[in-house]
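# Coordinates in review
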Amino acid sequence: MDFEAIKKAAQGYEAAMTKCLRDIVAIPGESADEKGHADRIAEEMRAVGFDEVIIDPQGNVLGYMGTGKTLIAYDAHIDTVGIGNRENWKFDPYEGYESATEIGGRGVSDQLGGIVSAIYGAKIMKDLGLLNDTYRVLVTGTVQEEDCDGLCWEYIIKESNIRPEFVVSTEPTDGGIYRGQRGRMEIRVDVKGVSCHGSAPERGDNAIYKMADILQDIRALNENDAAADTKIKGLVKMLDKEYNEQWEEAQFLGRGTVTCSEIFFTSPSRCAVADSCAVSLDRRMTAGETWESCLDEIRALPAVQKYGEDVTVSMYQYDRPSYTGLVYPIECYFPTWVIPKDHKVTVALEEAYKGLYGTERIGDSTTLAMRKARPLTDKWTFSTNGVSIMGRNGIPCIGFGPGAEAQAHAPNEMTWKQDLVTCAAVYAALPTMYCK
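Given the structure is predicted, the values throughout are model-derived calculations rather than measurements.

Each value, and the rule that gives it
Residues numbered from 1 in each chain as written. Predicted model: local features only at pLDDT ≥ 70, side-chain atom pairs only at ≥ 80, totals over all residues. Heavy atoms only, no water. Axes fitted to C-alpha atoms, helices over the stretch in contact; angles between N-to-C directions. Helix = DSSP H or I, 4+ residues; strand = E, 2+ residues; numbered from the N terminus. Parallel < 35°, antiparallel > 145°, perpendicular 65-115°, else oblique. Left-handed = near helix turned anticlockwise from the far one by under 90°. Contact = heavy atoms within 4.5 Å. Nonpolar A, V, L, I, M, F, W, Y, C, P; charged D, E, K, R; others polar. 1 Å grid on protein atoms, 1.4 Å probe; cavity = no way out; pocket = protein on both sides within 12 Å on 5 of 7 lines; lining within 4 Å. Points joined across faces, edges and corners; volume = space filled by probe spheres on them. Patch = residues over 30% accessible without salt bridge, like charges linked within 9 Å, V, L, I, M, F, W, Y side chains within 5 Å. Areas by Shrake-Rupley, 256 points an atom, 1.4 Å probe, with all protein chains shown as cover. Salt bridge = Lys/Arg side-chain N within 4 Å of Asp/Glu carboxyl O. Buried < 20%, exposed > 50% of the residue type's maximum accessible area, 1.4 Å probe, protein only.

Another aspect to go through is the packing of helix 4 (residues 108-127) against helix 13 (residues 417-435). As a packed pair, helix 4 and helix 13 sit with axes 8 Å apart at the nearest point and diverge in direction by 45°. Viewed along their axes, helix 4 and helix 13 adopt a mutual orientation that is oblique. Between helix 4 and helix 13 lies a crossing of right-handed hand. The segment helix 4 lies against helix 13, with G113, G114, S117, A118, Y120, G121, I124 and M125 engaging D419, L420, C423, A424, Y427, A428 and P431. Residues belonging to the contact of helix 4 with helix 13 are distributed by class as follows: 10 nonpolar, four polar and one charged.

What follows is the structure, given as structure tokens:
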């Protein structure tokens, strides 16, 4: 493989990628409102010569290049979060900015840069004659990820019957290769009480007090150790082979966590005892944990057991319509996934990267020291569409994408032009390395 030709081709498209990214960023595209992003991305795919471009009923953009039997996919979600407090931005988040090395704007790292690099990676394959009868490339611009990670791929796999050989997630990886992430789920705990006049609280049953007991146990679950004499053993126990057969991958991904993220109550008035209380829990899961085990863990807490049938532990559901109006209900469960370090996909991506750029992470001079201090192959701290691709459906998934995790959801979001170029080159080289 002529790695130098691929690098040169990618560098030659820096200006085109920058323009495309700035065009997309200029269009607001929060979850369930991505139509403008989808239309602009489909336009770019057609302009650079994709063989087929489809916007499916959910609103995902699917661009195909080549005619081979093996389907290899590159995924980028094309929705963004909102801008938050406008006063925290030093520049217009949609107009953005451009310097000799940087691009600023909402979504440039998380993760519109990924779709741009993937589009031009496919174009480089076509330009250099790397497409053949062995493989076909699919670039997906997927919707509603910020609302419900993986929902888009549940639809693509189950309703459109598309099942790639493997998928590269183009979420930001700080110049590294990421082979997994912790999972997450959204849990709700409801507690019933009985109201009465606040002047005689003993006549009622205060749901907030019950929830206070439960929250102390939840806090212990997150913070406690796993010693033999610890009544509520902490989630750290899953890093120990005594409690978890997948402890090695758990140590790679990091321990699970749980925290209370929201609280709700009902009461007849401020002069009455609360008759219900509910909380939302953000539960991050490591290898070896499942939605069943996480719900059972809450149900087994001493305070939950104490209040018996007055407590309900459940999982949230997501059923918000996409921008096309399609509703595809799903549980708010986003499984842990990790691809083995010796998997064929992991090895192929590492070989493609090393053939182009060597054994260390590269990047803009402002990022280089931080990146070189980290291993080339690592994992995400946040969640991605891999929760469906590999977590629910077992399709191998691996990550390599432009931008930085720390820029995600932050004001003054920015990315680096060099990352767009680097990723486009690696994307172009990967299928040949995998299929050799």
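Roughly 390 Å³ of internal volume is contained in the largest pocket. In terms of lining residues, the largest pocket is bounded by 19 residues, among which E146, D149, R184, E186 and R284 are the most central. Mapped onto the lining of the largest pocket, the elements with two or more residues apiece are strand 10 (183-192), strand 11 (257-266) and strand 12 (276-285). In terms of residue count, strand 12 provides more of the lining of the largest pocket than any other element does, four residues in total. Residue composition of the lining of the largest pocket, grouped by class: four nonpolar, five polar and 10 charged.

Moving on, we get to a nonpolar patch on the surface. A contiguous nonpolar surface patch, about 360 Å² in accessible area, is contributed by I208, Y209 and F265. By secondary structure assignment, the location of F265 is in strand 11. Residue class for F265 comes out exposed when judged on its relative accessible area of 55%.

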